Structures are given as structure tokens and as C-alpha cells.
Amino acid sequence: MIKIDLLFKNANVLTLDNRNRRAGSVAVANGKIVGIWRECEPPKSAVEVTASTNVVDLKGSTLIPGFIDTHNHILAYGQIMRQVNCGTPPNQSIKDILEVIGAKAKETPNREWVKGYGYDDTLLYEKRHITREDLDKVSPNKPVIITHTSGHISAVNSLALQLSGLTDDVSDPQGGHYGRDEKGRLNGVIYEPAAMIPINKQIPQMTVKQQIDMLGKASKDYLAQGITTNTDAAVGFTSDLQDLEIHLKAAEQGINPMRTQLMIMHQQLREGEAFGGYSPAQLDKEFQERSGGRAKLDSAKMFQDGSIQGLTGALREPYYQNPDVYGKLIHPQEAFNEEVLDLHSRGFRITTHGNGDRAIGSILEAYEYALSKSPRADHRHRIEHVQSATAEDVVKMKELDVAGSFFINHVYFWGDRHKQIFLGPERGRRISPLAEAVAHNLLFTLHSDCPITPISPLFSVWVAVNRITREGHVLGQEQRIDVETALKSMTIYGAKLNFDEACSGSIEIGKHADFAILEADPTAIHPEEIKDISVLATFIDGKPVYGQETVRTS
């Protein structure tokens, strides 16, 4: 007889194991699943229920494994909580954005930056980017920066350019460029992180403590969506690695209770840099020791293009309404191949951002080069977003055993504009080709890329199953996938992508007791209702971390 700490009874259990078994009750001891029964309650001879056992009567609610989001930016999400919302909605025009930025500037102390996020030039009445001239009208004496909805473009005012030392004769850096007016002068629009470096150096950072508190607030929103394992997709953008310290301390102090995967920016792993002499095993050991076992190394992170909606994604064919624009690769192919080979040979799993099909092809070329020089089984190298992968690209991914983490929310938020503006009807309808990934037995997951889109695994599942756009159209119905597969892409497939399938991702004996409790069964309702299912509670290691007041215990 097993003495248990937690018992779920009268449950609708979706185990999401390899047989898609269902159950009626689950028992937990010491943070691990120790019993699963088809019956609504376990046999009395099977478990020992004591006065300290938390018995949760789910009364038919659905118990599933905790969600795993394999790519987002939780620290950036925490930061935008303090910034001005420049998105559409609520703003419809540049005038609307200038009003809210101007109001914020009036209450901002001198020398402090005014920050906004989420503007989208293609949704604004003017159909253009915000410029320095626009921002100077409402904030001539305080520096302003507004981040584009893609996360790959920013608009700044003249004072921000001045403080950053950016003048009209500045050269474009590798992997980025500066917007200019018809006379060649800087117009305040800045494309890609490489071009943002001088600006970012001037923006004061919050203290580590402030950012730990901010991460704690952000994690509560993630827990409310049923997320139990989360991946920060770009740790180490800044040379001081402050974001790494924030993650490790927040985990160690229990401020962020989620399991955390950390993608470390590749430049931090070069010889002479912060982790240049480290092996993956050494890094992972350090992260786990410093976080109390809550944070792990995920991969070495690279970028090979930008954003399709920012016209910086690298395409093989030109943009639909911009026939002179193809986008650019961030790294020259030969140098990219060699850096990938170096990381691969040292044992790192490599994760590379690729939206455009030319970037995806470039990434696959580099992975194939590394594997030919230094063969390695079960590497699980990844491509992130995989927006415009061709059928041939998907086949190549399978051939090389390269996994895909699909930014599926693109279909809803930008699908109409991909079809009408950026990619055209044929390329637009096949963005995020999940059905092809399933057909080729490709390991893949879904992700939110939060704060680019809101954090919600059930919304991502809804998009994958329905492929409905913001304007209510179905985009590429042939790329839809079934509900159970979509759920697995954010649970057991995510665990496999994290090299953790033996410990998480499904409800099986011996695995972590990480669960989400849903008010309805996603497999039993109309597919278009999935996004509206409420998460009632979230458990990690058998402990309630969200919504415990909503589940009745006895």
C-alpha cells in the first residue's frame, strides 16, 4: 500500500501517453505520480490516504499534463507590463499612439526613457512606421523607444539617437540596418537587434531584485495558463548576463516555480566569452546547482533572419507587395557553417531562429555541414518558428532529424496579412505546415513567442486545430492537425524536445506530478471552443501553484 500526498478522484484524465489512455483517478507521493486507475477512485487496498493527503474531487473536470511552452521571452513580457501599449487595438492610428506616448512623457521624470511596445505599421491607418519626427512632437526632451509587434524593429526619437551616438553617417551593422528618409537621414526606425546595440546600451536597466520581482509577477500569468515548464529563448543578449542571474535566483528562491529551460546566446559560448570554455554538461550542472534544480541548459541559440511582418525574414522569392525585397541572412553562410560546427562538435544542442524559407534552408545547410563533419545521433537540433518552410524543407528536416518549434499563433495574428501583403496567397496559406510535420513524423512543438503574442497554450492548440485568422478566414485547412496531436505538441512532444520525456510531458507512473486542470475536455467539445476553456488549477511536483482555491478538497 502506497502512502500518498495527493489524490485526484472523479477526474477525466487525458494521460497523453503513447496509447492516449484515459483514467479516472491519479495518486501522487513525493512529487511523483505513483498510481493511475481507470476507476473514479483507486481501490482502497492500493493507497493509504492520511489526514495530510490532499484529496481533490474534480467532479468530472479534465486533468492533463502541465503545458510546456518551448519558446518565449518571459523577461521581456514582464518588462512590457510597465510600458505603454501601442498595439492595435486599442490604437488605430499614429495619432492615437502619439497621444498615449505624450501622456506618458509628461509624467516621466527628466532623463528617464519613455517605453512603448506592440505597434504594427500594417494595422495603423497610415500604413507606415512611426518616425523620429512623429515622436519628437510629443517628447522632444525625453528619449523614447517603441518596439514593433514583431520584436525585430523599434522606433526612437531624435534624443534617443543623439544619446546613442547614432548620426546620419553611421554604417549598417551585419544582420541589421537603420531606416532612412528620402535624403538618406536616419528616420528613427531601427531594424534587428544588431542595429539596436547602441540604443540598448543607453537604456538604464532595472536592478536584479526589481527584475526578479517582475519575473515573479510574469510567472503567475504563465501558471494561470497551465504552464509548468517554460523556455526562455534568448538568454545572454547583453554582455553582463544579468538575465541569467535573474532566472537562476528567481528559481532558487521559488519566486518562479516553473521548470525553466535556458537557451544561451551563441556569442556567450565563443572562446574568450563568458562560457567559452564550458561544455554543455558543465553549464547544465552549474545552472541546476545555482537554481536548486529548477533551471536547465536548453541549447545554444542563434538567429539567421528576422521577421516576415517586418520584411526582415529571409525569403527565396521576394515579398508579395515588395518585389524588390527578399530579406537578409544574419550570418554569411560560410561563417555560419563554421560556428554551428564548433557548437555541435563541443556537444551543444543548437537552436536557430528561422522564419523565411531562405533562412530555413541556410540553417539546414549548416546543420548538415556539422553533422557530416562530426556525426552525432540524437542531437535534437532545432529550428524556431519555421514559418515559411517548403515541403522540401520539411523533408530535409526529417532527413537530418531536426526538430521544429512552430510559432503557430502567426496564423491567427498575421495570417491574413501574410496572404495579402507579405507572402501572397500560395505561400501564405501554408505557413506553419503542421500537417506535413505530422506526415513526416517530425518532432515538433508549438509556442507563443510571448510577448509577441499572448501566452496561452490552449489558444495555440486552437489555432493549430482550426487555422482561423483574425478576420475569421480558414488559412490552409490542409495544414490542420487533430486535437490530441496539438495537445501533445505542448506536452509530451515538448518534454521530448527538452530531453525530458522520461520525467515529464505525460501522466505516467514515475513522472513529475505536473498537471493542469481544465474546465472542459478539449477532445470532446467543438474545436472552435478550445481557446475558451478555462484553466482551473496548475500543479507542479504535486503542489498547487495556481487556482488551488477553485478545486474543492476533502
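About the cut-offs
Residues numbered from 1 in each chain as written. Predicted model: local features only at pLDDT ≥ 70, side-chain atom pairs only at ≥ 80, totals over all residues. Heavy atoms only, no water. Helix = DSSP H or I, 4+ residues; strand = E, 2+ residues; numbered from the N terminus. Rg over C-alpha atoms; globule rule 2.2 N^0.38 Å. Buried < 20%, exposed > 50% of the residue type's maximum accessible area, 1.4 Å probe, protein only. Contact = heavy atoms within 4.5 Å. Pairing = 2+ DSSP bridges. Axes fitted to C-alpha atoms, helices over the stretch in contact; angles between N-to-C directions. Right-handed = clockwise from strand over helix to strand, strands pointing away. Parallel < 35°, antiparallel > 145°, perpendicular 65-115°, else oblique. Nonpolar A, V, L, I, M, F, W, Y, C, P; charged D, E, K, R; others polar. Core = buried A, V, L, I, M, F, W, Y, C linked by side-chain atoms within 4.5 Å. Polar contact = N/O pair within 3.5 Å; in protein donor to acceptor, adjacent residues only side chain to side chain. Arc of directions from axis to C-beta. Left-handed = near helix turned anticlockwise from the far one by under 90°. Lys, Arg positive; Asp, Glu negative; His and termini not counted. Salt bridge = Lys/Arg side-chain N within 4 Å of Asp/Glu carboxyl O.

Undergrad: Even after reading the chapter, I still don't get the overall build of the chain, so can you show me in this structure?
TA: Helices and strands together make up the secondary structure of the chain, namely 17 helices and 26 strands. Taking 24 Å as the expected radius of gyration for a compact globule of 554 residues, we find that the chain reaches 24 Å, a close match to that expectation. For the chain, the spread of C-alpha atoms along the principal axes amounts to about 85 × 55 × 50 Å. A burial count over the chain gives 59% of its 554 residues as buried. A fraction of 72% describes how many contacts in the chain between residues 6 or more apart in sequence connect residues 24 or more apart.

Undergrad: Looking at this model, I keep getting lost on the sheet that holds strand β20 (residues 350–354). Mind explaining?
TA: Pairing between the strands of a sheet comes from backbone hydrogen bonds, and it takes one of two forms, parallel or antiparallel. Spatially, the eight strands line up as an open sheet ordered β10-β17-β18-β19-β20-β21-β22-β23, and their pairing is parallel. Each edge of the open sheet is held by one strand with a lone partner, namely β10 (67–72) and β23 (444–446). Adjacent strand axes in the sheet meet at a mean angle of 25°, parallel and antiparallel pairs treated alike. Packed onto the sheet, helix α9 (residues 333–345) meets β19 (295–303) and β20 and runs at close to 165° relative to β19. Of the strands in this sheet, β20 and β21 (382–385) are in contact with helix α10 (residues 357–373), which crosses β20 at around 160°.

Undergrad: Just checking my understanding: could you explain helix α15 (residues 457–466) for this structure?
TA: Because an α-helix completes one turn every 3.6 residues, residues spaced three or four positions apart along the sequence face the same direction. Among the ten residues that make up α15, ten are buried, leaving the element largely enclosed by the rest of the structure. Among the residues making up α15, those that are buried are Pro457, Leu458, Phe459, Ser460, Val461, Trp462, Val463, Ala464, Val465 and Asn466. Just past α15, the residue Arg467 takes up positive phi, approximately 55°.

Undergrad: Whenever I open this one, the pairing of β21 confuses me. Can you help?
TA: Every other side chain in a regular strand lies on the same face of the sheet, so the side chains alternate between the two faces. Pairing analysis gives four bridges linking β20 to β21, with the strands arranged parallel. Across the sheet, the residue bridging to Thr352 is Ile383, located in β21. Assessed by its sense of winding, the connection that carries the chain from β20 through α10 to β21 is right-handed. Bridge count between β21 and strand β22 (residues 403–406): four bridges; the pairing is parallel. The residue of β22 that forms the bridge with Ile383 is Gly404.

Undergrad: Honestly, the packing of helix α12 (residues 410–422) against α15 in this entry has me stumped. Any pointers?
TA: Working note: a packed helix pair is described by the angle between its axes plus the distance between those axes. In contact at an axis separation of 10 Å, α12 and α15 are set at 50° when each is read in the N-to-C sense. Taken together, α12 and α15 sit at an angle that is classed as oblique. Taken together, the residues of α15 that come into contact with α12 (itself represented by Val411, Tyr412 and Phe413) are Phe459, Trp462 and Val463. In the contact of α12 with α15, the residues fall into six nonpolar, no polar and no charged.

Undergrad: Explain the nonpolar core here, please?
TA: Side chains of a nonpolar character, in soluble globular proteins, are inclined to be buried together. Phe287 and Ile383 are the most contacted members of the largest nonpolar core, which totals 94 residues. Every residue in contact with Phe287, bar those within four places of it in the chain, is listed here: Leu244, Leu248, Leu262, Ile264, Phe275, Ala295, Lys296 and Leu297. Leu98, Ile101, Val114 and Ile146 belong to the second-largest nonpolar core, a separate cluster that totals 18 residues.

Undergrad: What is the right way to read the sheet that holds strand β13 (residues 144–148) from this model?
TA: Across the sheet, which stays open at both edges, the six strands sit in the order β11-β12-β13-β14-β16-β15 with mixed pairing between neighbours. Of all strands in the sheet, those bounded by a partner on one side alone are β11 (84–85) and β15 (177–180). Against the sheet, helix α2 (residues 94–107) touches β11, β12 (114–119) and β13, its axis set at about 160° to β12.

Undergrad: What exactly am I supposed to notice about the environment of Lys95 here?
TA: Along the polypeptide, Lys95 turns up in helix α2. By relative accessible area, which is 53% here, Lys95 ends up exposed. The sequence separation of Lys95 and Tyr125 amounts to 30 residues, and the corresponding C-alpha distance is 9.4 Å. A distance of 2.8 Å separates the side chain of Lys95 from the side chain of Glu99, its partner in a polar contact.

Undergrad: Whenever I open this one, the pairing of β22 confuses me. Can you help?
TA: Burial of β22 is two-sided: the residues Ala403 and Ser405 facing one way and the residues Gly404 and Phe406 facing the other way are all buried. As defined by bridge partners, β22 adjoins β23 across three bridges and the pair is classed as parallel. Bridged to Ser405 within β23 is Thr445.

Undergrad: Just checking my understanding: could you explain helix α5 (residues 193–200) for this structure?
TA: For α5, the complete set of buried residues consists of Ala195, Met196 and Ile199. Down the axis of α5, the sector holding all buried residues measures 95°, keeping them to one side. Contacts made by the buried residues of α5 are with β13, β14 (153–156), α4 (158–163), β15 and β16 (186–191).

Undergrad: Could you clarify how one ought to interpret the packing of α9 against α10 in this entry?
TA: Their axes nearest at 8 Å, the elements α9 and α10 cross at an angle of 50°. In terms of axis orientation, α9 runs oblique to α10. Relative to α10, α9 is oriented so that their crossing is right-handed. Across the interface between the two elements, Gln333, Phe336, Asn337, Glu338, Val340, Leu341 and His344 from α9 touch Ser362, Ile363, Glu365, Ala366, Tyr367, Tyr369, Ala370, Leu371 and Lys373 from α10. A per-class count over the contact of α9 with α10 returns nine nonpolar, four polar and three charged.

Undergrad: Just to check I follow, could you spell out unusual backbone geometry for this structure?
TA: The phi angle of most residues is negative, glycine excepted, and most peptide bonds adopt the trans form. Pro89 connects to Pro90 through a cis peptide bond whose omega is 10°. Looking at the element boundaries, Pro90 is found in the loop between β11 and α2. For the peptide bond that leads from Cys450 to Pro451, omega is 15°, which places it in the cis range. With respect to the helices and strands, Pro451 occurs in the loop between β23 and α15. Although it is not a glycine, Glu192 adopts a positive phi angle of roughly 80°. Along the chain, Glu192 turns up in the loop between β16 and α5. For Glu192, a relative accessible area of 4% corresponds to the buried category. Unlike most non-glycine residues, Arg467 shows phi in positive territory, near 55°. Mapped onto the elements, Arg467 comes out in the loop between α15 and α16 (483–488). Under the relative-accessibility criterion, Arg467 is labelled buried at 0%.

Undergrad: How should I be thinking about the side chain of Asp449 in this particular structure?
TA: Tracing the backbone shows Asp449 in the loop between β23 and α15. Buried charge without a salt bridge: Asp449, with Lys301 as the nearest opposite-charge side chain at an N-O distance of 7.0 Å. A polar atom in the side chain of Asp449 sits 3.1 Å from the side chain of His73. The residues touching Asp449, leaving out its near neighbours within four places in the chain, are His71, Asn72, His73, His385 and Phe407.

Geometry only, nothing functional implied.
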